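Below are the chains, spelled out letter by letter.
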Amino acid sequence: MSQEPVIIIQDNRDGAPKKKRARTEDMDSPNSILRPESSNLLDDMLYPLTTQCFLKNHFRKDAVCINRKYNRQAGNEEIVSYICNEFLFDLDVKQIFAETSSHNVFLWLKSGTNTALNSVEISDPTSAFALHQSGSHPAYCRAPPALEQLLVGSLLRGTGLGSGQYHPPHADVVTIGGGTTLGRGEVELFISTSSSSSTSKENGSSKKHLTGWHTDFQENFTIQLSGVKRWTLRRGRVRHPLRGTTPHYAREASVIENQLKVARLSCMSGTGCDSDTENNNPYGFEYGENNAYGPEMTVTLYPGDCLYFPSGMWHKVETVEPGISMNVSLMGTTYAKLMSEALHHLLIGSDEGWREIVTSRPGEEDATKHLESLMSRLPEVISDFVKNRGGARCILPPALQYPPIGNEENDGSEKSVGEDEEEKGEDEEVQSDDESSADDDTPSSSGIIIPMDHFSGPPGWSCNKPPNTKLAKNPLATLIAMHEITQHLEEEEEAAAATSSSSKKYILNVNFAGNDMYESHIRIIFETQKFGPMMDLFIACEARGDFDGNEIDLALHHPPPCLFYYGYLLWVNI
């Protein structure tokens, strides 16, 4: 890894970009206008750097700046014109405030000579615009939902963060994981004003806007839409930070404490921080207090330029010419959180003692004794899970490692596959039950419907039986027959409609007991006309607790692939 924090790539294509240009397989002919709905958005943003090279050599390691030299020389902003015109109302700030995904618009204010920024939330977009204009206060807010959904979904898939999974928080879509979806993100617009640039003068002095040194915990892609900004970056010591470090904001003691304790936790073992510690001093809150290393480096972004910078990298930003920049922040579930949720699920299902409420009465009942007894059996439980029951493959079934099937629209959601798509060779039909259910408001029947009878999974995936293996049920998964729920519905017509179909439905939930809401990492509804007896057998085996993979394997020959893909079944070594 280079000590210099930024890799600068020049896009030296001659002339201004054309409005329309056909995409080919040749990387020398990228889309010259950035289109959020493009399946090759990351390629287009990084050109001439290939996505493969970026992911292998720079992602989560270096900042990468793509300078559009031709764009500066031509003096136009056409490469970002589609985004500005089609999604951002020709950069009409008043309209952007009105259509933001945020509940509030945020304005930056400084108090007196203090260099720290105060972020003020304004709920009314009209008032926010008036203050932004009259007071010349820089502002930021989330992008409109349609743009945010496209950008976050596409870049999560392109980078593989969160396995490309995404549940848009502001969209009426159904996904297999809902709130537990592994990938998350947001798009923020940073809007400067004419008096917040370094070229602005008031009473003979510069009145520039400077966002001071800080770090973020997200992976970030910035696109300059208009105006000019100067970025200075330096490597941070904490790798994969859980929180940012934000001395540039006016802050409370609790914020400083929170950020310091989490950063120092990462540094305690010496494995979560880069070296170059100074005199063994702890990680500090202000920039330069044993929390950064290597040289500083400055880059300037003009319209159309793109900058990627990894989580934990220190940076400050100065407005050179007023305008708007757009930042896509990507985040997701850590391996630690994923594992701890699965372990919680495993423990409460393995021993009733783990489900007990912690109880201690000094002199009568010692909570540590009970915990020690439980912990004495913990290595055996974990060893059995890892060696005999599938371990990591139970926690991350194929459905959580592949982007959502049937999603070719870059919206981050599972959806129906239409007839024309089936003719092109799509193997799976995925639809929201809201489109086919007799009652759209039935909570039990809403979700992703998987037709079991003709499912084969994504290209390149296989569930063929490897040598020396047997069939096993995922201990983190459970099946519920739909009629077990609908038979208890109070409305007779509703129950009748749910059971009158010739096909049967079964709800699969995977890894759901690790959070307070018991929300599943995978929740889908299987629909079948021919596998009902097999599914009922599985439910009966669950009830008896005697799932014999060899016996079931011999009786069924080979269960349908969807049970492997969504994590109910797997092959384990004999």
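Residues numbered from 1 in each chain as written. Predicted model: local features only at pLDDT ≥ 70, side-chain atom pairs only at ≥ 80, totals over all residues. Heavy atoms only, no water.

Caption draft 1: How the structure looks around the overall build of the protein. When helices and strands are tallied, the protein shows 18 helices and 22 strands. By the burial criterion, 51% of the 574 residues in the protein qualify as buried. (Helix = DSSP H or I, 4+ residues; strand = E, 2+ residues; numbered from the N terminus. Buried < 20%, exposed > 50% of the residue type's maximum accessible area, 1.4 Å probe, protein only.)

Caption draft 2: Looking closely at the pattern of salt bridges. Scanning the model with the defined rule gives ten salt bridges in all. A salt bridge links Glu 318 to Arg 230; the nearest nitrogen and oxygen atoms lie 3.3 Å apart. Here Glu 318, found in strand E14 (residues 314-321), pairs with Arg 230, found in strand E11 (residues 228-236); they are 88 residues apart in sequence, far enough to count as distant. By relative accessible area, Glu 318 is classed as buried at 13%. For Arg 230, a relative accessible area of 29% translates into the label partly exposed. (Salt bridge = Lys/Arg side-chain N within 4 Å of Asp/Glu carboxyl O.)

Caption draft 3: Structural view of the sheet that holds strand E9 (residues 210-214). Strand order across the open sheet formed by four strands is E9-E14-E11-E12, with antiparallel pairing between neighbours. In this open sheet, the two strands that pair with only one neighbour each are E9 and strand E12 (292-301). Strand-to-strand twist of the sheet, defined as the mean angle between neighbouring strand axes without regard to direction, takes the value 10 degrees. One ladder, built from three bridges, connects E9 with E14; its direction is antiparallel. Counted as the bridge partner of Thr 211 is Val 317 from E14. (Pairing = 2+ DSSP bridges. Axes fitted to C-alpha atoms, helices over the stretch in contact; angles between N-to-C directions.)

Caption draft 4: How the structure looks around the environment of Val 572. Its location among the elements puts Val 572 in strand E22 (residues 569-573). The buried category is assigned to Val 572, whose relative accessible area is 2%. It is 5.2 Å that separates the C-alpha atoms of Val 572 and Thr 469, two residues lying 103 residues apart in sequence. Those residues in contact with Val 572 that sit more than four places away from it in its chain are Asn 388, Arg 389, Gly 390, Arg 393, Asn 468, Thr 469, Lys 470 and Ala 472. (Contact = heavy atoms within 4.5 Å.)

Caption draft 5: Focus on the nonpolar core. Among the nonpolar cores identified, the biggest contains 50 residues, and Leu 88, Phe 221, Leu 225 and Met 326 are the most heavily contacted of them. The dominant element in this core, judged by the number of residues it contributes, is helix H7 (residues 145-159), at six residues. Setting aside anything within four residues of it in sequence, one finds Leu 225 in contact with Glu 77, Val 80, Ile 83, Cys 84, Leu 88, Leu 91, Leu 189, Pro 303, Ile 324, Ser 325 and Met 326. If you look at the next biggest cluster of nonpolar residues, it comprises 44 residues, including Phe 385, Phe 538, Leu 563 and Phe 564. (Core = buried A, V, L, I, M, F, W, Y, C linked by side-chain atoms within 4.5 Å.)

Caption draft 6: Just the confidence of the model for the protein, in detail. This prediction gives the protein a mean pLDDT of 83; 79% of its residues lie at or above 70. The low-confidence segment residues 407-442 (pLDDT under 50) makes 86 contacts with residues lying over four places distant or belonging to another chain. (pLDDT = per-residue confidence, 0-100.)

Caption draft 7: Focus on the packing of aromatic side chains. According to the stated counting rule, one finds 22 aromatic pairs in the structure shown. Every member of this aromatic cluster is reached through a ring pair, and the members are Tyr 402, Phe 455, Trp 461, Phe 526, Tyr 565 and Tyr 566. Here Arg 35 stacks its cationic end above the ring of Tyr 82, 4.5 Å away from the centre of that ring. (Phe/Tyr/Trp six-rings, centres within 6.5 Å; stacked < 30°, edge-to-face > 60°. Lys NZ or Arg CZ within 6 Å of the ring centre and 35° of its normal.)

Caption draft 8: Spatial organisation of unusual backbone geometry. Here the amide bond leading from Tyr 47 into Pro 48 is cis, since omega sits at 10 degrees, within 30 degrees of zero. Residue position: Pro 48 is located in the loop between helix H1 (41-46) and helix H2 (51-57). Although it is not a glycine, Phe 89 adopts a positive phi angle of roughly 55 degrees. By the element assignment, Phe 89 lies in the loop between helix H4 (81-87) and helix H5 (93-99). Phe 89 sits in the partly exposed class, given a relative accessible area of 30%.

Caption draft 9: Quick look at the packing of helix H9 (residues 335-350) against helix H11 (residues 378-388). Following both chains from N to C, one finds H9 and H11 inclined at 115 degrees, their axes separated by 11 Å at the closest point. The angle between H9 and H11 places the two elements in the roughly perpendicular class. Regarding H9 and H11, the two cross each other, and that crossing is right-handed. On H11, the residues that touch Leu 343, Leu 346, Leu 347 and Ser 350 of H9 are Leu 378, Val 381, Ile 382 and Phe 385. (Parallel < 35°, antiparallel > 145°, perpendicular 65-115°, else oblique. Left-handed = near helix turned anticlockwise from the far one by under 90°.)

Caption draft 10: The arrangement of the side chain of Thr 100 in detail. Among the secondary structure elements, Thr 100 is positioned in the loop between H5 and strand E3 (105-110). By relative accessible area, Thr 100 is classed as buried at 13%. A polar side-chain atom of Thr 100 sits 3.0 Å from the main-chain amide nitrogen of Ser 102. In terms of polar contacts, Thr 100 uses its side chain to reach the backbone carbonyl oxygen of Arg 142, at 2.6 Å. Aside from chain neighbours lying at most four places away, what touches Thr 100 is Val 105, Cys 141, Arg 142 and Ala 143. (Polar contact = N/O pair within 3.5 Å; in protein donor to acceptor, adjacent residues only side chain to side chain.)

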